[in-house]
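What follows is the residue order along each chain.
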Amino acid sequence: MEEWKRLLRESITTAEGLAGYLDVDQDEIRDTVRRYPMRINPYFLGLIREKGDPIGLQVIPDREEIEDRVCIEDPLNEEGDSPVPNIVHRYPDRVLFLVATQCPVYCRFCTRKRKVGTPRFVTSSTIQTGIDYIKGNSGIRDVILSGGDPLLLVDNEIERILEALRRIPHIEIIRIGTRVPSALPQRITKGLCNIIKRYHPVYINIHFNHPDEITEESKSACEMLSDAGIPLGSQTVLLKGVNDDPDIIKRLMQRLLAIRVRPYYIYQADLTLGTNHFRTDVGTGIRIMKNLMGFTSGLAVPHYVIDAPGGGGKIAILPDDNLVYIDNKIVIMRNYTDKTYSYPQAIDLNEPCVQNVSRQGEEIRVQGTGGRG
Ligand SMILES: *Cc1c(COP(=O)(O)O)cnc(C)c1O
Ligand code: SF4
């Protein structure tokens, strides 16, 4: 048996199982797992140092999950944008295609908590219906395989899906969203890489939340994927007590670049039922972004997005004080160290180039760079 399959089979899924390794309240775990499944595979378990640490918090069930009275089951209204089961068609040119229900671990904060770990949600018939839908809609040029975790399917099933999608002429790119390289890196085998690279261009976005998830094993999994010509991106969810800290996120982004993973998105946590205790405030997210922009490689700066409740899609949130003032003559802006600079608009060179711009009562004397001076 392949190592990853053995690791999955040896995963902890019960309160008694977990109590063998960590000092946990078995009743709490049991009550929570009755509603939302637990899976902690031996590799990920090995990253947990103690119960409340940033790795443990992500996968150890908490009674707060079943006591959440604030959030909702399907906060992004994915079901509302779903023309056929397991396809979410929200944007004009791309779809999300849920092809798996299993994951290497069950993250307690998962946006699809309503579905993951429940095998009946994905069948060979929903996969076929999804492929037919994509085939029938020539406006779709980008398919994002998600779930659950698509890379928990066996090689044959992955190949069957990739092959079917590649046969559709209007599909330009295929993306895979996965937590496998960070949570079960043993799943990235030579065989799997050889399959994926036959269907290029394939992009992979990897879910990474904490610098401690970057290990020799996850590094080597990412290297194998990169060497198969797959561009790698990362997606990170801001989580209270896990990574809601500017220095932790900076370290994570820098370490991702060092293993050739380009940070793509930082997500504000969704309003998913059972996850309210993980939510941070958006001000924290903005502070985290300000600690990246300018202070470290531009490549280490992802987009910070809120996936709008109700199905509005991802909306980028930027620090709002970079642009101090703009009119048709001048732009006043603030840099990462809080210093103010100006940029003259492309105006008639005969205009005087020194202007006074006033905003909120403050006078800023602006030295233009063009014109006669
Ligand atoms: C996130 C998402 C996508 C992909 O969005 P990008 O910004 O292109 O990465 C597509 N469809 C749905 C429904 C999504 O939630
Ligand atoms: S791996 Fe992704 S889909 Fe699976 S439980 Fe974690 S967040 Fe949800």
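Our structure is the block above this text.
In this text the structure is predicted, and so the values were computed from the model without any measurement.

Rules used in this analysis
- Residues numbered from 1 in each chain as written.
- Chains lettered and ligands numbered in written order.
- Predicted model: local features only at pLDDT ≥ 70, side-chain atom pairs only at ≥ 80, totals over all residues.
- Heavy atoms only, no water.
- 1 Å grid on protein atoms, 1.4 Å probe; cavity = no way out; pocket = protein on both sides within 12 Å on 5 of 7 lines; lining within 4 Å.
- Points joined across faces, edges and corners; volume = space filled by probe spheres on them.
- Helix = DSSP H or I, 4+ residues; strand = E, 2+ residues; numbered from the N terminus.
- Patch = residues over 30% accessible without salt bridge, like charges linked within 9 Å, V, L, I, M, F, W, Y side chains within 5 Å.
- Areas by Shrake-Rupley, 256 points an atom, 1.4 Å probe, with all protein chains shown as cover.
- Salt bridge = Lys/Arg side-chain N within 4 Å of Asp/Glu carboxyl O.
- Buried < 20%, exposed > 50% of the residue type's maximum accessible area, 1.4 Å probe, protein only.
- Polar contact = N/O pair within 3.5 Å; in protein donor to acceptor, adjacent residues only side chain to side chain.
- Near = heavy atom within 4 Å.
- Sits in = over half its atoms within 2 Å of the grid points.
- Nonpolar A, V, L, I, M, F, W, Y, C, P; charged D, E, K, R; others polar.
- Phe/Tyr/Trp six-rings, centres within 6.5 Å; stacked < 30°, edge-to-face > 60°.
- Lys NZ or Arg CZ within 6 Å of the ring centre and 35° of its normal.

Caption draft 1: Here's a closer look at the layout of surface pockets. The computed volume of the largest pocket comes to approximately 1100 Å³. L96, R112, S146, Q235 and Y267 are, among the 46 residues lining the largest pocket, the residues nearest its centre. Sorting the residues of the lining of the largest pocket by element identifies β1 (87–91), β2 (94–98), β3 (142–146), β4 (173–178), β5 (202–207), β6 (232–237), β7 (262–267) and β9 (313–316) as the ones contributing at least two each. The leading source of residues in the lining of the largest pocket is β4, at 4 residues.

Caption draft 2: Spotlight on a nonpolar patch on the surface. There is a patch of nonpolar side chains on the surface, built from M333, Y341 and Y343 and spanning about 320 Å² of accessible area. Inspection of the secondary structure puts Y343 in strand β12 (residues 340–344).

Caption draft 3: Geometry of the side chain of D74. Relative to the assigned elements, D74 resides in the loop between α6 (64–67) and β1. Of the residues examined, D74 reaches a relative accessible area of 18% and is grouped as buried. Among the polar contacts made by the side chain of D74, one reaches the main-chain amide nitrogen of E79 at a distance of 2.9 Å.

Caption draft 4: Representation of the site of ligand 2 within the structure. By nearness alone, every residue bordering ligand 2 is listed as C103, V105, Y106, C107, C110, V116, G148, R179 and H207. Assessed atom by atom at 2 Å from the grid points, ligand 2 resides in the largest pocket. Broken down by class, the residue content of the shell around ligand 2 amounts to 6 nonpolar, 2 polar and 1 charged.

Caption draft 5: Structural detail: the site of ligand 1. Ligand 1 sits among V88, R90, Y91, R94, L96, I144, R175, Y264, Y265 and K314. Interatomic distance of 2.6 Å between a side-chain N/O atom of R94 and an oxygen atom of ligand 1. In the environment of ligand 1, an oxygen atom lies 3.0 Å from a nitrogen or oxygen atom belonging to the side chain of K314. Protein chains shield 89% of the accessible area of ligand 1, which is 390 Å² for the free molecule. Mapping ligand 1 onto the cavity grids shows that it belongs to the largest pocket. Secondary-structure elements contributing two or more residues to the shell around ligand 1 are β1, β2 and β7. In terms of residues, the shell around ligand 1 owes the most to one element, β1, which gives 3 residues.

Caption draft 6: Representation of the packing of aromatic side chains in the model. This structure, assessed with the given rule, holds 4 aromatic pairs. Centre to centre, the rings of F109 and F278 are 5.6 Å apart; their planes meet at 80°, and the pair counts as edge-to-face. Of this pair, F109 sits in the loop between β2 and α7 (124–135) while F278 sits in the loop between β7 and α13 (282–290), and the two are 169 residues apart along the sequence. F109 sits in the buried class, given a relative accessible area of 7%. The residue whose ring lies beneath K113 is Y36, and the NZ or CZ to ring-centre distance is 4.2 Å. Directly above the aromatic system of F121 lies the positively charged group of R120, at a separation of 4.9 Å from the ring centroid.

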